[in-house]
Amino acid sequence: MTRKTSNSQAAFERARNVLVGGVNSPVRAFAAVGGVPPFIAKARGARLSDVDGNEYVDYVAAYGPAILGHAHEEVVVAMAKAVRLGTSYGAPTQLETQLAEAVAAAVPSIEQVRFVSSGTEAVMSAVRLARGATGRSKIIKCVGCYHGHADSLLVQAGSGALTLGVPSSPGVPAGATADTLLAPYNDLPAVRAAMEEHEAQVAAMLVEPVAGNMGVVPPADGYLQGLRDLCTRHGAMLIFDEVMTGFRLSLAGAQGLFGIRPDITTLGKIIGGGMPVGAVGASREIMKNFSPEGPVYQAGTLSGNPVAMTAGLATLRLLREDGFYENLEKTSAAIDAGLRQAAAAAGLQNRVTFHRVGSMLCCFFAPPPVVDYKTATASNKAAFAAYFHAMLDRGVYLAPSQFEAMFVSAAHGSAEVDQTIQAAHEAFAAAAKLL
Ligand SMILES: *Cc1c(COP(=O)(O)O)cnc(C)c1O
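Just so we're clear, the structure is a prediction, and the values are computed from it rather than from any experiment.

(A) Inspection of the nonpolar core at higher detail. Phe247, Tyr387 and Phe428 are the most contacted members of the largest nonpolar core, which has 72 residues in total. Looking at which element gives the most residues to this core, the answer is helix 10 (residues 306-319), with 9 residues. Other than its neighbours up to four places away in sequence, phenylalanine 247 contacts Ile67, Val103, Ala106, Gly253, Leu267, Ile270, Ile271, Leu316, Leu319 and Tyr325.

As structure tokens, this is what we get:
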């Protein structure tokens, strides 16, 4: 396959001179798959164009936000209007109230909202809120779940006791993660043991209700309800990190899909309609602990930014339209079925594992079952890289890592689906040689 890459190559070289690794978020550098990342010139609907003039069907969706596809006309028009009214005031606006009302109306567990500018900030603030509200220090998180890059959450399983974490990055002092306990995903007994061992010390259980940052790993039957029950029994808060799943799996996120009510929810990605927005939401009773009503400090110069609020409002308005999630489900199911068929045609049944929850998809180059970080990371990364590059060369842009989700948007139509499945037949055949 010949794909012109010389302009991206030149752009990457120039970028690497002044940006670390040429990027501002590490996965974009293609380290896991090798090669040069296409530098993007523009995007519209389900398609991206790079600086060499190549076009791609996009399944990265900006790592989640682009559920409407890119540059949706209604969102663009609303934002352009907002920009003319000034881009930031450092004072309250009605837009913030309107978006908060829309969030509270969509998500039953949320009565009040605090807006921030990223998912990282949202989770960091949610953890502080849970600790402040309970007067407890410890939190439990799952191995392989990602919650942004706050110090206390950059933690990996230590070699000793199962539940004690150690920093996963230089620069994070041991003290910052000393109160972070770890449990494998989908492992209720591990959470129960941690709660019992640290009775009356656990402020919160923090979890992605559908894990989307080790590939896509759905919760086992009863897992989320089990976490809910354990938190209630031990007086800990259940924090659903719905930065990825919020407004994606349903208007009420994963909690709406699975019918579980967390105490605190974090949102990001889709809520900003492609602009930097994150949010913490909970009952008034819990939220009143935040400053200025309560003692838990939280602030942000650009929080509630009017252009970002406008993008979020326009996006949520479109998500509320009749049949939005039903249509997204149909497209996602068609892509999933087509990919499975393509893998089977390449002789890969039972050598790859497909997961799909709504419009979040993933193909692990590992045999089933994939239920947690350990089983997910058993994937064959060389086979994934071959699949990835074969797809890219055929104009299908997947996230450049085995451990990212594939996101479907409302802009993906039958032309995109067909192109994807056709490419997948050849890509799985290329990967099969390495398995
Ligand atoms: C993306 C993500 C974050 C971090 O959000 P940023 O906006 O990148 O800071 C946190 N939690 C989950 C579940 C995510 O998917």
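Structure shown, so let's carry the discussion forward.
(B) Fine view of the packing of aromatic side chains. All chains considered together, the criterion is met by 12 aromatic pairs. Relative to tyrosine 397, the ring of tyrosine 56 has its centre 5.9 Å away and its plane inclined at 55°; by these criteria the two rings are tilted. Taken as a pair, tyrosine 56 in strand 3 (residues 55-58) and tyrosine 397 in strand 15 (residues 396-397) lie far apart in primary sequence, 341 residues in all. The burial state of tyrosine 56 is the same as that of tyrosine 397; both residues are buried. These aromatic residues form a ring-pair network of at least three members: Phe30, Phe354, Phe365, Phe384, Tyr387, Phe388 and Phe428. The ring centre of phenylalanine 290 lies 5.4 Å from the NZ or CZ of arginine 114, which sits over that ring.

(C) Structural context of the sheet that holds strand 13 (residues 353-357). The strand order 13-14-16 describes an open sheet built from 3 strands, whose pairing is antiparallel. With partners counted over all chains shown, the strands left at the sheet margins are strand 13 and strand 16 (406-407), one partner each. Sheet topology note: the strand 13/strand 14 (residues 360-364) ladder contains 5 bridges and is antiparallel. Note on strand 14: the bridge partner recorded for threonine 353 is phenylalanine 364. Each of strand 13, strand 14 and strand 16 touches helix 11 (residues 324-345); the most contacted strand, strand 13, lies at about 180° to it.

(D) Up close: the domain arrangement of the protein. According to the domain assignment, the protein contains domain 1 (1-31) and domain 2 (73-319). Measuring from the centre of the C-alpha atoms in domain 1 to the corresponding centre in domain 2 gives 31 Å.

(E) Spotlight on the site of the ligand. Neighbouring the ligand are Ser118, Gly119, Thr120, Tyr146, His147, Gly148, Glu208, Asn213, Asp241, Val243, Met244 and Lys269. The separation between an oxygen atom of the ligand and a polar side-chain atom of asparagine 213 is 3.1 Å. Taking lysine 269, its side chain carries an N or O atom lying 2.6 Å from an oxygen atom of the ligand. Protein chains bury 83% of the 390 Å² of accessible surface belonging to the ligand in isolation. Broken down by class, the residue content of the shell around the ligand amounts to 3 nonpolar, 6 polar and 3 charged.

What counts, and where the lines are drawn
Residues numbered from 1 in each chain as written. Predicted model: local features only at pLDDT ≥ 70, side-chain atom pairs only at ≥ 80, totals over all residues. Heavy atoms only, no water. Core = buried A, V, L, I, M, F, W, Y, C linked by side-chain atoms within 4.5 Å. Buried < 20%, exposed > 50% of the residue type's maximum accessible area, 1.4 Å probe, protein only. Helix = DSSP H or I, 4+ residues; strand = E, 2+ residues; numbered from the N terminus. Contact = heavy atoms within 4.5 Å. Phe/Tyr/Trp six-rings, centres within 6.5 Å; stacked < 30°, edge-to-face > 60°. Lys NZ or Arg CZ within 6 Å of the ring centre and 35° of its normal. Pairing = 2+ DSSP bridges. Axes fitted to C-alpha atoms, helices over the stretch in contact; angles between N-to-C directions. Domains from an automatic or database assignment. Near = heavy atom within 4 Å. Polar contact = N/O pair within 3.5 Å; in protein donor to acceptor, adjacent residues only side chain to side chain. Areas by Shrake-Rupley, 256 points an atom, 1.4 Å probe, with all protein chains shown as cover. Nonpolar A, V, L, I, M, F, W, Y, C, P; charged D, E, K, R; others polar.

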